[in-house]
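# Structural description and commentary
Residue strings, one per chain:
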Amino acid sequence: MDLFDYMREQNTKKESPLAARMRPRTLEEVVGQEHILGEDKLLSRAIRADKLGSVIFYGPPGTGKTTLAMVIANTTSAQFKQINATSAGKKDMEDVVSEAKALLGGYGKKTILFIDEIHRFNKGQQDYLLPFVEDGTLTLIGATTENPFFEVNSALLSRSMIFELKPLSRQDVRELILRAVRDPERGMGSYRAQIDDDAAEFLADVSGGDARNALNAVELGVLTSQRSEDGIIHITLETARECIQKRVARYDKKGDNHYDTISAFIKSMRGSDPDAAVYYLARMMEAGEDPAYIARRIMICASEDVGNADPMALQVAVSASLASERLGWPESAIVLSQAAEYVATAPKSNTAEKSIQKAMSLVRETGPVPIPAYLQDAHYSHAQDLGRGIGYRYSHDYEGHYSGQPYLPEPLREEELYFPSVNGYEARIRKHMSDLTGKQKYERSESLLEREDE
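Just so we're clear, the structure is a prediction, and the values are computed from it rather than from any experiment. (Residues numbered from 1 in each chain as written. Predicted model: local features only at pLDDT ≥ 70, side-chain atom pairs only at ≥ 80, totals over all residues. Heavy atoms only, no water.)

What follows covers the overall build of the chain. The number of helices and strands found in the chain is 21 helices and 7 strands. Here the chain holds 454 residues, and 43% of them are scored as buried. Considering only contacts within the chain whose residues lie at least 6 apart along the sequence, 70% involve residues at least 24 apart. When the accessible area of the chain is evaluated, it comes to approximately 25,300 Å², of which 51% is carbon and sulfur surface. (Helix = DSSP H or I, 4+ residues; strand = E, 2+ residues; numbered from the N terminus. Buried < 20%, exposed > 50% of the residue type's maximum accessible area, 1.4 Å probe, protein only. Contact = heavy atoms within 4.5 Å. Areas by Shrake-Rupley, 256 points an atom, 1.4 Å probe, with all protein chains shown as cover.)

If you want it as structure tokens, here you go:
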């Protein structure tokens, strides 16, 4: 490194954002992630012993993925190379591999390759790395905000350990804020700044576990605030609110948070918790989720989890879908909220799902069993010459509008597919069908039906 390179590096460090300057250099400086960095945890032991294999760090922004990679870089005796998948190409990887082979062959020195945003690499780029990871030429550290099981090749996954980083707690973020304000070398200590307790608590809370977001707000507050008469820059609650305008909605409509949130939304409706259902609905709407997608999920839940226990649930869900399409945002939020609340509070039954699954399984097992001739279409000439429609009993000609005629094909007459639950309107269906048909299956207890399903 010549003098100009050295000066450029020093100036870069000085002008870097606060979050970058405050990045921990050792494991002891890392805050949070105790579930993988505790004293007795595998990752911390491997880093300290410099025996780390290929790993993938997965988690939301600002939780320390790049920080951990830098800690490893400061700890390891191996050569450490870093590339970003958003800008790196195959030529960059070829250069790293070539240098790694030379070091390993000539000096027995290993190379750790850190790839930030590894999910941005396409399949071909990920495949290129595989043989060099497999033969030990490279030790891979990947960082991604996306679920690696969706975005990273299974072959690379099988050769790597996956460590999920969680959003930092409010206490963790608060500690980092205070450290940044007070540190005279890398932080804002040289500015003679102070942050009020309520301001620090507010930033720690509103940052949503993203340390970078909180530190960016601290830096903005210090650099844009006037000194008070005592010569100190005071970061008040009002200043903090100005510097971080809105809680970050951590939600990628193609990523993990999308699926986690919609899963929680559906399970809340299924679990009869309208408060949670509306909460997750709000999270999706705030993050810009497509109202049509939400409406589709409510319709599915209305049939799958409510069904005939409350037939109105599907009507409400379908009406909400049509209304939200016509109203658009933001009025559609009210309509979808009404539908989600209705489905969440409706009596529950999954008999519609169970019956169709049983029926489809039966069709696959038995094939196209012939339909009874008396049920076949007889509305064409010479149909009766073929026996079509002969013997059919018109239901409305019989008492109770019920003829008692069997409708399943002959070999399947004993099959029973639909068992109404005892919840909501289905309790009335059970009684009606029992009175009408006299079939014992409609009088069976719910516990018996559950045992049969097992």
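And the narrative resumes.
As a further point, take unusual backbone geometry. Positive phi, close to 55 degrees, is recorded for aspartate 50, a residue that is not glycine. Mapped onto the fold, aspartate 50 is located in the loop between helix H4 (42-48) and strand E1 (55-58). On the basis of relative accessible area, aspartate 50 is assigned to the partly exposed category, the value being 30%. Backbone geometry places arginine 192, a non-glycine residue, at a positive phi of 55 degrees.

Moving on: helix H5 (residues 65-75). Among the residues of H5, Lys65, Thr66, Thr67, Leu68, Ala69, Val71 and Ile72 are the ones counted as buried. Here the buried face of H5 lies against helix H3 (34-37), H4, E1, strand E2 (79-84), strand E3 (111-116) and strand E4 (138-144).

Here we come to the packing of helix H16 (residues 291-306) against helix H17 (residues 312-327). Their axes nearest at 9 Å, the elements H16 and H17 cross at an angle of 175 degrees. When the interaxial angle is binned, H16 and H17 end up roughly antiparallel. Contacts between H16 and H17 involve Ala295, Ile298, Met299, Ala302, Ser303 and Val306 from the first element and Ala313, Leu314, Ala317, Val318, Ser321 and Ser324 from the second. Taken together, the residues that form the contact of H16 with H17 break down as 9 nonpolar, 3 polar and no charged. (Axes fitted to C-alpha atoms, helices over the stretch in contact; angles between N-to-C directions. Parallel < 35°, antiparallel > 145°, perpendicular 65-115°, else oblique. Nonpolar A, V, L, I, M, F, W, Y, C, P; charged D, E, K, R; others polar.)

Our focus in this paragraph is the packing of aromatic side chains. Applying the stated criterion across every chain yields a total of 4 aromatic pairs. Aromatic pair phenylalanine 57 and phenylalanine 163: ring centres 6.3 Å apart, planes at 45 degrees, arrangement tilted. Of the two residues, phenylalanine 57 is situated in strand E1 and phenylalanine 163 in strand E5 (residues 161-164); the sequence distance between them amounts to 106 residues. Residue classification places phenylalanine 57 among the buried residues on the basis of a relative accessible area of 0%. (Phe/Tyr/Trp six-rings, centres within 6.5 Å; stacked < 30°, edge-to-face > 60°.)

Here the focus is the sheet that holds E5. Strand order in the open sheet formed by 5 strands is E2-E3-E4-E1-E5, with parallel pairing between adjacent strands. The open sheet is flanked by E2 and E5, the only strands paired with a single partner. Within this sheet the neighbouring strands show an average axis-to-axis angle of 15 degrees, counted without direction. Relative to E4, E3 runs parallel, the two being bridged by 6 bridges. For threonine 111, the partnering residue across the bridge sits in E4 and is leucine 138. This element, helix H6 (residues 90-107), spans E2, E3 and E4 of the sheet and lies at about 175 degrees to E2. (Pairing = 2+ DSSP bridges.)

Here we take up the packing of H6 against helix H7 (residues 123-134). Axis separation between H6 and H7 bottoms out at 11 Å; the angle between their running directions is 5 degrees. Judged on the interaxial angle alone, H7 and H6 are roughly parallel. Contact residues: H6 offers Lys90, Met93, Glu94, Val97 and Lys101, while H7 offers Gln125, Tyr128, Leu129 and Phe132. Residue composition of the contact of H6 with H7, by class: 5 nonpolar, 1 polar and 3 charged.

We now examine the pairing of E1. Of the two faces of E1, both are covered, the one formed by Val55 and Phe57 as well as the one formed by Ile56 and Tyr58. As paired strands, E1 and E4 are joined by 4 bridges and run parallel to one another. The partner of isoleucine 56 across the bridge, within E4, is glycine 142. Here E1 runs beside E5; their pairing, made up of 4 bridges, is parallel. Considered in E5, the bridge of isoleucine 56 is made with isoleucine 162.

For the rest of this paragraph, the subject is the side chain of threonine 137. Note on placement: threonine 137 falls in the loop between H7 and E4. In terms of polar contacts, threonine 137 uses its side chain to reach the side chain of aspartate 135, at 2.7 Å. (Polar contact = N/O pair within 3.5 Å; in protein donor to acceptor, adjacent residues only side chain to side chain.)

Now for the nonpolar core. Of all hydrophobic cores here, the largest spans 30 residues; its most connected members are Leu18, Ile177, Ile195, Leu203, Val218 and Val222. Among the secondary structure elements, those contributing two or more residues to this core are helix H2 (18-21), helix H10 (170-182), strand E6 (193-195), helix H11 (197-206), helix H12 (211-224), strand E7 (233-235) and helix H13 (237-243). Counting 26 residues, the second-largest nonpolar core is a separate cluster that includes Phe265, Ala313, Val316 and Ala340. (Core = buried A, V, L, I, M, F, W, Y, C linked by side-chain atoms within 4.5 Å.)

Attention now goes to the confidence of the model for the chain. Parts of the model with low pLDDT should not have their predicted coordinates read in detail. Of the residues in the chain, 89% reach a pLDDT of 70 or more, and the chain-wide mean stands at 84. Taking the mean pLDDT of every element in the chain, the minimum, 47, falls on helix H21 (residues 446-453) and the maximum, 93, on helix H18 (residues 332-345). Overall, residues 1-8 carries pLDDT values under 50, and its contacts beyond four positions in sequence, including any with other chains, amount to 2 contacts. In the model, residues 445-449 has pLDDT below 50 throughout and makes 8 contacts with residues more than four positions away in sequence or in other chains. (pLDDT = per-residue confidence, 0-100.)

This part covers the pattern of salt bridges. For the coordinates displayed, the defined rule picks out 18 salt bridges. Residue glutamate 134 pairs with arginine 159 through a salt bridge whose shortest N-O separation is 2.6 Å. With glutamate 134 in helix H7 and arginine 159 in the loop between helix H9 (154-158) and E5, the pair connects residues that are 25 residues apart, well separated along the chain. Here glutamate 304 and arginine 270 are joined by a salt bridge, their closest N and O atoms 3.9 Å apart. Remark: arginine 270 occurs in helix H14 (residues 256-270) and glutamate 304 occurs in helix H16; sequence separation between them is 34 residues. On the basis of relative accessible area, glutamate 304 is assigned to the partly exposed category, the value being 24%. For arginine 270, a relative accessible area of 35% gives the class partly exposed. (Salt bridge = Lys/Arg side-chain N within 4 Å of Asp/Glu carboxyl O.)

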